[in-house]
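Coordinates in review
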Amino acid sequence: MKHEDIKSVLESGEVGKEAVVCGWVRTFRDSANVAFLEISDGTSFKKLQVVIDKSALAVDAECTKLGASVRVRGEVVPAYKGDGRELNAKEVTLLGKCPPEYPIQKKRTTLDFLRTIPHLRLRTNTFAAVFRVRSVAAQAIHRYFHERGYYYINAPLITASDCEGAGEMFRVTTRPWNAKAESEEEYYKSDFFGVKAGLSVSGQLEGEVAATALGKIYTFGPSFRAENSNTTRHLAEFWHIEPEVAFAELPDVIEIAEEMLKYLIRAVLEECPEELAFFDSFVEKGLIEKLKHVESSDFAVVEYTDAISLLEKENARFQFPVSWGSDLQSEHERYLTETVFRRPVFVTDYPKEIKSFYMKQNADGKTVAATDLLVPGIGEIIGGSEREADYDKLVSAMRERNMDLDAYRQYLDLRLFGTVPHGGFGLGFERFVMYVTGIENIRDVTLFPRSVKNIK
Ligand code: ATP
Ligand code: MN
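These figures come from a predicted structure and were not determined experimentally.

About the thresholds
Residues numbered from 1 in each chain as written. Chains lettered and ligands numbered in written order. Predicted model: local features only at pLDDT ≥ 70, side-chain atom pairs only at ≥ 80, totals over all residues. Heavy atoms only, no water. Helix = DSSP H or I, 4+ residues; strand = E, 2+ residues; numbered from the N terminus. Buried < 20%, exposed > 50% of the residue type's maximum accessible area, 1.4 Å probe, protein only. Contact = heavy atoms within 4.5 Å. Areas by Shrake-Rupley, 256 points an atom, 1.4 Å probe, with all protein chains shown as cover. Lys, Arg positive; Asp, Glu negative; His and termini not counted. Charge placed at Lys NZ, Arg CZ, Asp CG, Glu CD. Salt bridge = Lys/Arg side-chain N within 4 Å of Asp/Glu carboxyl O. Near = heavy atom within 4 Å. Polar contact = N/O pair within 3.5 Å; in protein donor to acceptor, adjacent residues only side chain to side chain. Patch = residues over 30% accessible without salt bridge, like charges linked within 9 Å, V, L, I, M, F, W, Y side chains within 5 Å. Domains from an automatic or database assignment. Buried area = accessible area lost by both parts, 1.4 Å probe. Axes fitted to C-alpha atoms, helices over the stretch in contact; angles between N-to-C directions. Parallel < 35°, antiparallel > 145°, perpendicular 65-115°, else oblique. Nonpolar A, V, L, I, M, F, W, Y, C, P; charged D, E, K, R; others polar. Phe/Tyr/Trp six-rings, centres within 6.5 Å; stacked < 30°, edge-to-face > 60°. Lys NZ or Arg CZ within 6 Å of the ring centre and 35° of its normal. Pairing = 2+ DSSP bridges. Core = buried A, V, L, I, M, F, W, Y, C linked by side-chain atoms within 4.5 Å.

Summing up its helical and strand segments, the protein has 13 helices and 16 strands in all. Its C-alpha atoms give the protein principal-axis dimensions of about 85 × 55 × 45 Å. Evaluated residue by residue, the protein yields a buried proportion of 49% over its 456 residues. Contacts in the protein between residues far apart in sequence, at least 24 positions, make up 66% of those at least 6 positions apart. Surface exposure of the protein reaches about 22500 Å², of which carbon and sulfur atoms provide 51%. For the protein, the distance from the average position of its 58 positive side-chain charges to the average position of its 70 negative side-chain charges is 6 Å.

So, in structure tokens, the structure goes:
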């Protein structure tokens, strides 16, 4: 269908020329002689105003209904207000009617309600803006790594290893629900892969394989976690950005994470000014100010042990008081980043008991070279570490956890054959989108969110 994007008409439509656009009706105002139709085709935050001279053009009433889809031919004229463009209609054609039951009505509906109609909610300003930002951010991620010589790797989604500690795995099976078996092993022997298989919780282990040959790699794909928690920050299926870098130690990992995050924020600020202005007005007051500040200032770094001392002083305010060895809960993470540091903060060197087997063991024998990046409003957005590069130390960490060494032979080989210091991190893509839009529920930055008892 030959037509122009509304964005290009608004920004560079030549005055006096004819243009054809298509879109959905967002508002209709009628008066004695003229009527105004605002339409949107998703290409820009701004809608295009179509002016209908009623004495010259009769428009089918169906074309003026909220949500109807139309095609408009008209003359490009300067906007009545501002420096944009409008269209003086010559012809308005109905593409699809929209009856009054259309659930997206003009009065601001709640995010809760819109969550019940995931297939239609993108027709609202808020969701269309979220998904434009999400797309811009995804492009910026690829650009960031590509510009710096990282290779883009696709890790398998079906896996037999469970990247221990990262989360509960969904099982992948083709066996019927009532299949009989004498034992677990027996059950999986007759299954598709002949062993227990699941959906990957992280591409990190495969990322290490690639990084210890290609040097710098990243993955950007879905991860699956059978999280049985119903929080505003967890999904069962989320998108995960996982760079992995050879010849890198923990400070390098921190530097990359900070630089990458700032790059992404800058890209969104530059490419989505209208969306951010909207979020700033209606979702999180001061959002743009916050992002500009974060983009231009240094992130804080604090060792876990020091963070615990800071938190212990405030134990009275927490639901779960902390002491050395505690895993940080959301309330502690947010207190650190929102109240103590008032900016993003890397917490480093966690007790080895609360972190994964593959993290590099520090000389103190108690902590590992791990880091989580905490940001205001969300808490953890990135989790990373230097990896244990020493074969014997890795084996002993796995033995302490009663892990099956045979299942990790390939992973151990990386330490046997030319081992190198290396590290990386995982950024939750949805958490990043939440951070830059101010949207507080992860379900509202995901097209069809999957979580416990929810797969609409
Ligand atoms: P959390 O403590 O918040 O549950 P985690 O420590 O289990 O996260 P990691 O294994 O470190 O998460 O994963 C790296 C990143 O992936 C996290 O920092 C977060 O941004 C994102 N992430 C992890 N689990 C989820 C999830 N269930 N839904 C959305 N994003 C997630
Ligand atoms: Mn983590």
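Don't stop here, the text continues.
Turning our attention to the environment of Gly-221. Tracing the backbone through its elements, the reader meets Gly-221 in strand β10 (residues 216–224). For the pair Gly-221 and Ser-323, spaced 102 residues apart in sequence, the C-alpha to C-alpha distance is 36 Å. Apart from residues no more than four positions distant in its own chain, Gly-221 is found in contact with Phe-238, Trp-239 and His-240.

Where charged atoms of side chains with opposite charge meet at close range, the side chains can pair. Here the structure, examined in full by the defined rule, presents 27 salt bridges. Two residues, Asp-444 and Arg-121, come together in a salt bridge whose shortest N-O distance is 3.2 Å. In this pair, Asp-444 sits in the segment after α13 (429–437) while Arg-121 sits in the loop between α2 (111–115) and α3 (125–147), placing the two residues 323 residues apart along the sequence. The pair Asp-444 / Arg-121 is uniform in exposure class, with both members buried. In this structure, the salt-bridge partner of Asp-406 is Arg-409, at a minimum N-O distance of 3.4 Å. On the accessibility criterion, Asp-406 (56% relative accessible area) is exposed. Residues joined by salt bridges that share partners form a network here, namely Glu-18, Arg-73, Lys-90 and Glu-91.

Turning next to the site of ligand 1. Neighbouring residues of ligand 1: 16 residues in total, closest His-234, Leu-235, Glu-380, Ile-381 and Arg-431. The contact in question runs from an oxygen atom of ligand 1 to an N or O atom on the side chain of His-234, over 2.5 Å. Out of a free accessible area of 580 Å², ligand 1 has 83% covered by protein chains. If you list the elements that add at least two residues to the shell around ligand 1, you get β11 (237–246), β15 (379–386) and β16 (422–428). Here the shell around ligand 1 takes four residues from β15, the largest share from any one element.

The grouping of Leu-157, Ile-158, Phe-192, Phe-193 and Val-195 at the surface amounts to a nonpolar patch, some 470 Å² of accessible area in total. Phe-193 sits in the partly exposed class, given a relative accessible area of 42%.

With that settled, consider the domain arrangement of the protein. One can read the domain layout of the protein as domain 1 (6–102) and domain 2 (121–444). Computed over C-alpha atoms only, the centres of domain 1 and domain 2 are separated by 45 Å. The interface is formed by 10 residues belonging to domain 1 together with eight residues belonging to domain 2. Summing both partners gives a buried area of about 780 Å² for domain 1 against domain 2, and 42% of it is carried by carbon and sulfur. Counting the surface domain 1 buries against domain 2, the share from its top three residues, Arg-26, Phe-45 and Tyr-102, is 65%.

Moving on: the packing of helix α9 (residues 304–312) against helix α10 (residues 330–340). Two numbers describe a pair of packed helices, the interaxial angle and the distance between the axes. One way to put it is that α9 packs onto α10 with a least axis distance of 11 Å and a crossing angle of 85 degrees. Classified by the interaxial angle, the pair formed by α9 and α10 is roughly perpendicular. Within the contact between the two elements, α9 uses Ala-307, Leu-310 and Leu-311 and α10 uses His-332, Tyr-335, Leu-336 and Val-340. Class assignment for the residues of the contact of α9 with α10 results in six nonpolar, one polar and no charged.

As a further point, take the packing of aromatic side chains. Evaluation of the coordinates by the stated rule reveals 19 aromatic pairs. With 5.3 Å between their ring centres and 40 degrees between their planes, Tyr-304 and Tyr-350 make a pair best called tilted. Residue Tyr-304 is found in helix α9, and its partner Tyr-350 is found in strand β13 (residues 345–351); the two are separated by 46 residues along the sequence. The class of Tyr-350 is buried, set by a relative accessible area of 1%. Centroid distance Phe-357 to Tyr-411: 6.0 Å. Interplanar angle 70 degrees. Geometry classified as edge-to-face. Of this pair, Phe-357 sits in the loop between β13 and β14 (367–375) while Tyr-411 sits in helix α12 (residues 409–416), and the two are 54 residues apart along the sequence. Both residues of the pair, Phe-357 and Tyr-411, belong to the buried class. Ring pairs connect the aromatic residues Tyr-144, Phe-145, Tyr-150, Tyr-152, Tyr-218 and Tyr-263, which therefore count as one cluster. Lying over the aromatic face of Tyr-187, Arg-175 brings its terminal NZ or CZ to 5.0 Å of the ring centre. Taking the ring centre of Tyr-350 as reference, the NZ or CZ of Lys-355 above it sits at 4.3 Å.

Our focus in this paragraph is unusual backbone geometry. Positive phi outside glycine occurs at Asp-349, with the angle close to 55 degrees. In this fold, Asp-349 is placed in strand β13. On the accessibility criterion, Asp-349 (17% relative accessible area) is buried. Phi is positive for Lys-453, close to 60 degrees, though the residue is something other than glycine.

Turning next to the sheet that holds strand β7 (residues 158–159). Taking strand neighbours across the sheet as the criterion, the three strands line up as β7-β9-β8 in an open arrangement whose pairing is antiparallel. Pairing within the sheet leaves two strands with one partner each, and these edge strands are β7 and β8 (171–172).

Moving on, we come to the nonpolar core. If you look at soluble globular proteins, the nonpolar side chains tend to sit buried side by side. Ranked by internal contacts, the top residues of the largest apolar core, which has 87 residues, are Ile-39, Val-72, Met-260, Phe-279, Leu-427, Phe-432 and Tyr-435. For this core, the element with the most residues is helix α6 (residues 250–271), which contributes 13 residues. Two domains share this core, each providing at least three of its residues, namely domain 1 (6–102) and domain 2 (121–444). Non-local contacts of Phe-279, meaning those with residues more than four positions away in its chain, are made with Thr-126, Ala-129, Val-130, Val-133, Glu-284, Leu-287, Thr-437 and Ile-439. Val-322, Tyr-350, Leu-405 and Leu-412 belong to the second largest nonpolar core, which has 30 residues in total.

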